[in-house]
Amino acid sequence: MPKAYVYTRHGGPETEAFAEVDRPSPGPGELLIAVRAAGVNPVDWKLRNGFRRPGEGEARFPVVLGSEAAGVVEATGEGVTGFTAGDEVFGNTAGGAFAEYVLLKASVTAHKPAALSFTDAATLPVAAATAYDGVRQLDLPEGATLLVTGAGGGVGAATVQIARAWGLRVLGVASEAKKDFVESLGAVHVASGPDLAARVRAAAPQGVDGVYDLVGGEVLAEAAGLLADRTKLITAGAAPDEVAALGGARVERARSAAVLDEVAELVVGGELDPHISQTFPLDRADEALRAVEDGHARGKIVIEVAI
């Protein structure tokens, strides 16, 4: 039976386990793929802890972890067009990606360009697409200054690069340990910690034109105070009520194959580097998830599945 990494109930890492699971069958609008790589994201451990996305029902245990994958189409479900067995694809999962086989939603799946590796492709549906959607939502003019909090993580690194590719000046908030990394992305590094606003004002005396927050809490509140126009405040790191109280909004996710095509082209064109810091085989999926959950990973962590 196919192998997978699952959680058996809501809770911490103690709920995780390796398991043998049935090979899934694609339903209407779905693709079954043989996984070659799966990206690891904070949302994976948050779902294990009990977080539910809007509109999702209760979890049916065991739940296979993983929200994005790249691989080869094995079969297609009813109503799926544009994909056939053998196609190399990447996209958002309808089931868990930390497995040998996974279901992808055809509407949020794209053909992988030949010049894009499976490992790089597996990082794009969550982090890079979230970054792309947010920068597009802010719609800042070329030359404007964007403040990105949490700039050293997977979404943050992609946000900085996409914003730079679109002609924005970027200030990236991250720890001192990630200073060199953030600067290598093309951002002006601003150290995280108390009195953040003072350091931002020193780095950008003319002010900032937009804020893309990936942290929430006090960081979000302090960053909001730097903006004259709160419609240019967005977050992927805080709840809707938290950011709405500050006059901002959550990132509006497009969740489309068209966005995946766009971010893939940015990678192929050399404007976006996924900055994969570590890869792990499937049988070390627990280590891969810990590397993200401890909050210190630079860029992206990827699980690679052997053929």
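Asks: Pulling in residues and values, what's your account of the pattern of salt bridges?
Replies: Under the criterion given, the structure shown has 12 salt bridges. The closest approach of N and O atoms between Arg48 and Glu16, which form a salt bridge, is 2.7 Å. On the criterion of sequence distance, the pair formed by Arg48 in helix 1 (residues 42–49) and Glu16 in strand 2 (residues 16–20) is long-range, its members being 32 residues apart. Arg253 serves as the salt-bridge partner of Asp133, at 2.7 Å between the closest nitrogen and oxygen. Linking Asp133 in helix 3 (residues 124–138) with Arg253 in the loop between strand 13 (249–250) and helix 9 (257–268), this pair joins segments that are 120 residues apart in sequence. One continuous salt-bridge network, built from bridges that share partners, spans Glu16, Arg48, Arg290 and Glu293.

Asks: Talk me through the sheet that holds strand 13; I want residue IDs and the actual numbers.
Replies: If you walk across this open sheet you meet the 6 strands as 10-9-8-11-12-13, and the pairing is parallel. Two strands close off the open sheet at either side, each with one partner strand: strand 10 (188–191) and strand 13. In the sheet, strand 12 (residues 233–235) pairs with strand 13 via 2 bridges, with the strands oriented parallel. Bridged to Thr235 within strand 13 is Arg250. Each of strand 8 (145–149), strand 9 (169–174) and strand 10 touches helix 6 (residues 196–203); the most contacted strand, strand 10, lies at about 155° to it.

Asks: Which residues make up helix 9, and what values go with them?
Replies: Between its first and last C-alpha atoms helix 9 spans 16 Å; for 12 residues at 1.5 Å apiece the expected length is 16 Å, and the two agree. All of the buried residues along helix 9 are Ala257, Val259, Leu260, Val263, Ala264, Leu266 and Val267. Elements in contact with the buried residues of helix 9: strand 6 (88–93), strand 7 (101–111), helix 3 and helix 4 (154–165).

Asks: I'd like a description of unusual backbone geometry, backed by residues and values.
Replies: Cis geometry is found at the peptide bond from Phe61 to Pro62, where omega equals -5°. Assignment of secondary structure puts Pro62 in the loop between helix 1 and strand 4 (63–64). Even without a glycine there, the phi angle at Asp139 is positive, about 50°. Within the secondary structure, Asp139 is located in the loop between helix 3 and strand 8. Here Arg255, not a glycine, exhibits a phi torsion of approximately 50°, which is positive.

Asks: Help me get a handle on the packing of helix 3 against helix 9, residues and values and all.
Replies: It is at 10 Å that the axes of helix 3 and helix 9 come closest, and there the two elements cross at 100°. The angle between the axes of helix 3 and helix 9 places the two elements in the roughly perpendicular class. Between helix 3 and helix 9, the contacting residues are Leu124, Pro125, Ala128, Ala129, Tyr132, Asp133 and Arg136 on the first element and Val259, Leu260, Glu262, Val263, Ala264, Leu266 and Val267 on the second.

Asks: Can you lay out the sheet that holds strand 4 for me, pointing to particular residues and giving the numbers?
Replies: Across a sheet, strands are paired by hydrogen bonds formed along the backbone, either parallel or antiparallel in direction. With antiparallel pairing, 3 strands are arranged side by side in an open sheet as 2-1-4. One side of each edge strand has no neighbouring strand; the edge strands of this open sheet are strand 2 and strand 4. Of the pairings in the sheet, the one linking strand 1 (residues 3–7) to strand 2 comprises 5 bridges and is antiparallel in character. From the neighbouring strand, Tyr7 faces strand 2, where its bridge partner is Glu16. The strands touched by helix 10 (residues 285–293) within the sheet are strand 1 and strand 2, with strand 2 carrying the most contacts at an inclination of about 145°.

Asks: Please set out the environment of Pro194 residue by residue, giving values where relevant.
Replies: Tracing the sequence through the fold places Pro194 in the loop between strand 10 and helix 6. Expressed as a C-alpha distance, the spacing of Pro194 and Gly77, which sit 117 residues apart in the sequence, is 52 Å.

Asks: Talk me through the side chain of Arg48; I want residue IDs and the actual numbers.
Replies: Overall, Arg48 belongs to the buried group, its relative accessible area being 1%. Beyond its immediate chain neighbours, meaning those up to four positions away, Arg48 contacts Tyr7, Arg9, His10, Gly11, Gly12, Pro13, Thr15, Glu16, Leu65, Leu289, Arg290 and Glu293.

Asks: Can you lay out the packing of aromatic side chains for me, pointing to particular residues and giving the numbers?
Replies: The geometry of an aromatic ring pair is captured by two quantities: the separation of the ring centres and the angle between the planes. As enumerated under the stated definition, the model contains 3 aromatic pairs in all. Between Tyr7 and Phe61 the ring centres are 6.0 Å apart and the planes differ by 70°, which places this aromatic pair in the edge-to-face class. Separated by 54 residues along the polypeptide, Tyr7 in strand 1 and Phe61 in the loop between helix 1 and strand 4 bring together distant segments of the chain. When the centroid spacing of 5.3 Å and the interplanar angle of 75° are considered together, the rings of Tyr132 and Trp166 count as edge-to-face. Of this pair, Tyr132 sits in helix 3 while Trp166 sits in the loop between helix 4 and strand 9, and the two are 34 residues apart along the sequence. When the ring centre of Tyr101 is taken as reference, the NZ or CZ atom of Arg23 above it lies at 4.8 Å. Directly above the aromatic system of Phe118 lies the positively charged group of Lys112, at a separation of 4.7 Å from the ring centroid.

Asks: Give a detailed account of the packing of helix 1 against helix 10, specifying residues and quantitative values.
Replies: In the contact formed by helix 1 and helix 10, the axes pass within 8 Å of each other and the chain directions differ by 100°. Relative to helix 10, helix 1 is oriented roughly perpendicular. Residues Pro42, Asp44, Trp45 and Arg48 of helix 1 pack against Leu289, Arg290, Val292 and Glu293 of helix 10. Tallied by class, the residues present in the contact of helix 1 with helix 10 amount to 4 nonpolar, no polar and 4 charged.

About the cut-offs
Counting restarts for each chain: residues are numbered from 1 in the order of the written sequence. Two thresholds apply to this predicted model, a pLDDT of at least 70 for residue-level local features and 80 or more for giving and counting side-chain atom pairs, whereas whole-chain, interface and lining totals are computed over all residues. Derived side-chain values reflect all non-hydrogen atoms in the structure, with water molecules and hydrogen atoms excluded from consideration. The term salt bridge refers to a pairing of a side-chain nitrogen on Lys or Arg with a carboxyl oxygen on Asp or Glu at a separation within 4 Å. Helix and strand labels come from DSSP, where a helix needs a run of H or I of at least four residues and a strand needs a run of E of at least two; each type is numbered from the N terminus. In this scheme, strands are said to pair when DSSP sees at least two bridges between them. We call two residues in contact whenever any of their non-hydrogen atoms come within 4.5 Å of each other. The axes used here are C-alpha line fits, helices contributing only the stretch in contact, and every angle between their N-to-C directions lies in the interval 0 to 180 degrees. One less than the number of residues in a helix, times 1.5 Å, gives the span that helix is expected to have. Classification of residues uses two cut-offs on accessible area relative to the type maximum, computed with a 1.4 Å probe and protein chains only: under 20% is buried, over 50% is exposed, and between them is partly exposed. Here the angle decides the label: under 35 degrees means roughly parallel, over 145 means roughly antiparallel, 65 to 115 means roughly perpendicular, and every other value means oblique. Between 30 and 60 degrees the pair is tilted, below 30 it is stacked and above 60 it is edge-to-face, where a pair is any two Phe, Tyr or Trp rings, Trp via its six-membered ring, whose centres lie within 6.5 Å. Put simply, a charge is over a ring when the Lys NZ or the Arg CZ is close to the ring centre, within 6 Å, and near the line of the ring normal, within 35 degrees. In this classification, Asp, Glu, Lys and Arg are treated as charged, Ala, Val, Leu, Ile, Met, Phe, Trp, Tyr, Cys and Pro as nonpolar, and every other residue, Gly included, as polar.

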